[in-house]
Amino acid sequence: MSAGAELALKVAAVALVAALIAAAASAWARARDDGARRGTTAHNAERALALGAATVTTYERAAGALAQEGRADRCAICLSEYGGGGGELVRVVPACGRFFHAVCGVDGWLRKRGTCPLCRGGLGPLLQCPPMPWRDGGDARGRRSLA
């Protein structure tokens, strides 16, 4: 085999290995992005709850929490004040009770990130796991008695 043919074969082999590495990296990145978009079932349920019709209300109804907790009277997304009348709609984050103008794009944030834009808390309450059953003859920590 001539030196030129041998060099061409080596270059082709290196190019093939590089293409395989690039394809594997691309497939891994795509799978990772798809997994991040799908999320877990619990997170999808929290997002569905937070983006549902039950969390859109008028400013007047949501303002009760504003007066009680001394929160700002401006939307953190657009920085404009909430209107006092006219039935202006706001989106309430269920977990923390903060609210934002419904037309300010907070739905996109909640859909993409799944957290409150201000406190970064989750959208729903923490899931409560049922307590583990006690073992026969054990105490609250599951330890068996020596008797």
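The preceding data block contains the structure.
Since the structure is predicted, the reported quantities are computational estimates derived from the model, not experimental observations.

S.K.: Lay out the overall build of the protein with the relevant residues and their values.
M.R.: Counting its regular elements, the protein contains 4 helices and 3 strands. Taken from the N to the C terminus, the helices and strands of the protein come in the order α-α-β-α-β-β-α. Burial analysis of the protein (147 residues in total) assigns 20% to the buried set. Long-range pairs, those at least 24 residues apart, make up 46% of the contacts in the protein between residues at least 6 apart in sequence. Carbon and sulfur atoms make up 62% of the accessible area of the protein, which totals about 10500 Å².

S.K.: Which residues make up unusual backbone geometry, and what are the values?
M.R.: Even without being glycine, Leu79 reaches a positive phi, approximately 65 degrees. Mapping Leu79 onto the fold places it in the loop between helix H3 (59-69) and strand E2 (89-92). Positive phi values are uncommon outside glycine, yet Arg120 reaches one of about 65 degrees. Following the sequence through the fold, Arg120 ends up in the segment after helix H4 (106-113).

S.K.: Hey, could you go over the side chain of His101 for me, with residue numbers and the actual values?
M.R.: For His101, the position within the fold is in strand E3 (residues 99-101). In contact with His101, not counting residues within four places along its chain, are Cys75, Cys78, Ser80, Glu81, Tyr82, Glu88, Leu89, Val90, Arg91 and Val106.

S.K.: Tell me about the side chain of Asp107, residues and numbers included.
M.R.: For Asp107, the position within the fold is in helix H4. Among the polar contacts listed, one links the side chain of Asp107 to the side chain of Arg91, at a separation of 2.9 Å. If we skip the residues at most four places from it in the chain, Asp107 touches Leu51 and Arg91.

S.K.: For the nonpolar core, give the residues involved together with the corresponding values.
M.R.: One recurring pattern in soluble globular proteins is that nonpolar side chains are buried together. The biggest cluster of nonpolar side chains holds 15 residues, and the ones touching the most others in it are Tyr59, Tyr82, Val90, Val93, Phe99 and Phe100. Elements with a minimum of two residues in this core: H3, E3 and H4. Top element by residues in this core is H3. It accounts for 3 residues.

S.K.: Mind laying out the pattern of salt bridges, listing which residues take part and the relevant values?
M.R.: One pass over the full model with this rule turns up 3 salt bridges. Across the pair Glu6 and Lys10 runs a salt bridge whose closest N-O atoms are separated by 3.5 Å. Remark: Lys10 and Glu6 occur in helix H1 (residues 3-38); sequence separation between them is 4 residues, near one turn of the helix. Ionic pairing is found between Glu81 and Arg74, a salt bridge with its closest N-O pair at 3.4 Å.

S.K.: Talk me through the packing of aromatic side chains; I want residue IDs and the actual numbers.
M.R.: Counted under the stated rule, the structure contains 3 aromatic pairs. Relative to Phe99, the ring of Tyr82 has its centre 5.2 Å away and its plane inclined at 45 degrees; by these criteria the two rings are tilted. Taken together, the residues span a long stretch of sequence, with Tyr82 in the loop between H3 and E2 and Phe99 in strand E3 at a distance of 17 residues. Of the two residues examined, Tyr82 and Phe99, each falls in the buried class. Positioned above the aromatic ring of Trp109, the side-chain terminus of Arg113 is 4.1 Å from the ring centre.

Cut-offs used in this document
Residues numbered from 1 in each chain as written. Predicted model: local features only at pLDDT ≥ 70, side-chain atom pairs only at ≥ 80, totals over all residues. Heavy atoms only, no water. Helix = DSSP H or I, 4+ residues; strand = E, 2+ residues; numbered from the N terminus. Buried < 20%, exposed > 50% of the residue type's maximum accessible area, 1.4 Å probe, protein only. Contact = heavy atoms within 4.5 Å. Areas by Shrake-Rupley, 256 points an atom, 1.4 Å probe, with all protein chains shown as cover. Polar contact = N/O pair within 3.5 Å; in protein donor to acceptor, adjacent residues only side chain to side chain. Core = buried A, V, L, I, M, F, W, Y, C linked by side-chain atoms within 4.5 Å. Salt bridge = Lys/Arg side-chain N within 4 Å of Asp/Glu carboxyl O. Phe/Tyr/Trp six-rings, centres within 6.5 Å; stacked < 30°, edge-to-face > 60°. Lys NZ or Arg CZ within 6 Å of the ring centre and 35° of its normal.

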